[in-house]
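Listed below, chain by chain, are the residues.
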Amino acid sequence: MLALPVQAHEMVPTYPRLEMSHVDGLLKTTMKMFNKRADVEYYEVGVFDEDFNPVPFVTAYNVFKLDYLSHTVFDIYIRAKDRERAVYVCSKSKIRKDSNTKTAIASKICSKFEDKR
Amino acid sequence: MFIKKLALTTGLMLVPFATIAAEVPITGTVESRCIIQTSTPGTYGNPNAYTLSTQAADGGDQAVVRFDVSLADAYYAEITPPLAFSSAPNLPDQVSWTGEVSVQSVSDATGMGTYETDKLELGNTDRYTLTATGSTWFAIHSTATMGGNKAFPGGTYTAVAEAVCIAK
């Protein structure tokens, strides 16, 4: 029996809830990510509208390092006036240019804000 | 007599072990989620000087990506074959791309049997509605053809397919 390594990217929750933050006029949600892709070290986070146009947001790092088999929890802040526009929060794997694989797969997971379900 | 003593001694020795045994609860919660697993990254074969292909007949290896979902009818899978090289030597001409995505296998033949026929083709992207919980494996084929029947220069070529899981 051959055991193949699993290369997985996951982010929860699927339907994050925006809540008031400690800063006036900003809404906050918290996301969790797990990197089970040994070939990926960096992920990029973005917030998008219904048509996947970018919506302004703030987080600690838009592109952050997440080691293999590591978890991270990060907060996303958006302006209260962008609440209606913001539909998706997505994380995308960043493939290194010097990757040795001949074809690579960029994985992207998009959660949807709960009030847009 | 000796056997009785031995049994008593053994019994006494076991008491401390019995008393230190305790239940250690391991708890967890399962959140609905979509997980993208890159089962096979894929490789290009070089059947002739001006073609790179992931078809097995061309010496290549298709990329395979697996989607695991734990909530039914809550996600779309969108898969886009490569449309450019992310790294390559200097190319002598334009490259034309063709790609194809198909369901390779499913964990629930009843609930997922219509994924392939129900898919939407949005330009170069194929969209599947993941209506059942479980795993779906998608095969991604890619072919790059150099314009003007010119040869691909020697070197390493990398192209990136994109697999996206979007909450409905």
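What comes next is a walk through the structure. Since we're looking at a predicted model, the values are computed, not measured.

### Description of the overall build of chain A
Per the secondary structure count, chain A includes 0 helices and 8 strands. From first element to last, N terminus to C terminus, chain A shows the α and β order β-β-β-β-β-β-β-β. For chain A, the residues scored as buried account for 33% of the 117 residues in total. For chain A, the proportion of contacts with a sequence separation of at least 24, taken over those separated by at least 6, is 64%.

### Comments concerning the nonpolar core
Core analysis: the biggest nonpolar cluster contains 44 residues, and Cys110 of chain A together with Val65, Tyr75, Ile79 and Cys165 of chain B have the highest contact counts within it. Of the residues forming this core, the biggest block, 8 residues, is contributed by strand E11 (residues 158–167) of chain B. Residues in contact with valine 65 of chain B, not counting those within four places in the same chain, are Ile105 of chain A together with Ile36, Gln37, Thr38, Ser39, Ile79, Phe138, Ile140 and Ala163 of chain B. The next biggest cluster of nonpolar side chains, apart from the first, holds 5 residues, and it includes Tyr44, Ala144, Met146 and Phe152 of chain B.

### As for the interface of chain B and chain A
Counting from both sides, the interface comprises 32 residues of chain B and, opposite them, 25 residues of chain A. Going through the elements one at a time, strand E1 (34–40), strand E4 (63–69), strand E6 (85–87) and E11 of chain B are the ones with two or more residues in the side of chain B that touches chain A. Counting residues per element, the side of chain B that touches chain A draws most heavily on E11 of chain B, which supplies 10 residues. Per-class residue counts for the side of chain B that touches chain A are 19 nonpolar, 10 polar and 3 charged.

### Looking at the environment of tyrosine 61 of chain A
All names here are of chain A. Along the chain, tyrosine 61 turns up in the loop between strand E4 (42–48) and strand E5 (63–65). Classification of tyrosine 61 as exposed rests on a count of 12 C-beta atoms within 10 Å. For the pair tyrosine 61 and lysine 36, spaced 25 residues apart in sequence, the C-alpha to C-alpha distance is 20 Å.

The rules behind the values
Every chain begins its residue count from 1, and numbering advances along the sequence as written. Throughout, the order in which chains and ligands are written sets their labels, letters from A for the former and numbers from 1 for the latter. Per-residue local features are limited, in this predicted model, to residues with pLDDT of at least 70; the limit for side-chain atom pairs, both in listing and counting, is 80 or more; totals at the level of whole chains, interfaces and linings are taken over all residues. Helix and strand definitions here come from DSSP, where helices need a minimum of 4 consecutive H or I residues and strands a minimum of 2 consecutive E residues; each element is numbered from the N-terminal end. Buried residues are those with 20 or more other C-beta atoms within 10 Å of their own C-beta, exposed residues have 12 or fewer, and partly exposed residues lie in between; C-beta atoms are placed from the backbone. Residues are treated as contacting if the C-beta atoms built from their backbones sit within 7 Å of each other. To define a nonpolar core, we join buried Ala, Val, Leu, Ile, Met, Phe, Trp, Tyr and Cys residues through C-beta atoms within 7 Å and take the resulting set. Amino acids are sorted into nonpolar (Ala, Val, Leu, Ile, Met, Phe, Trp, Tyr, Cys and Pro), charged (Asp, Glu, Lys and Arg) and polar (every other residue, Gly among them).

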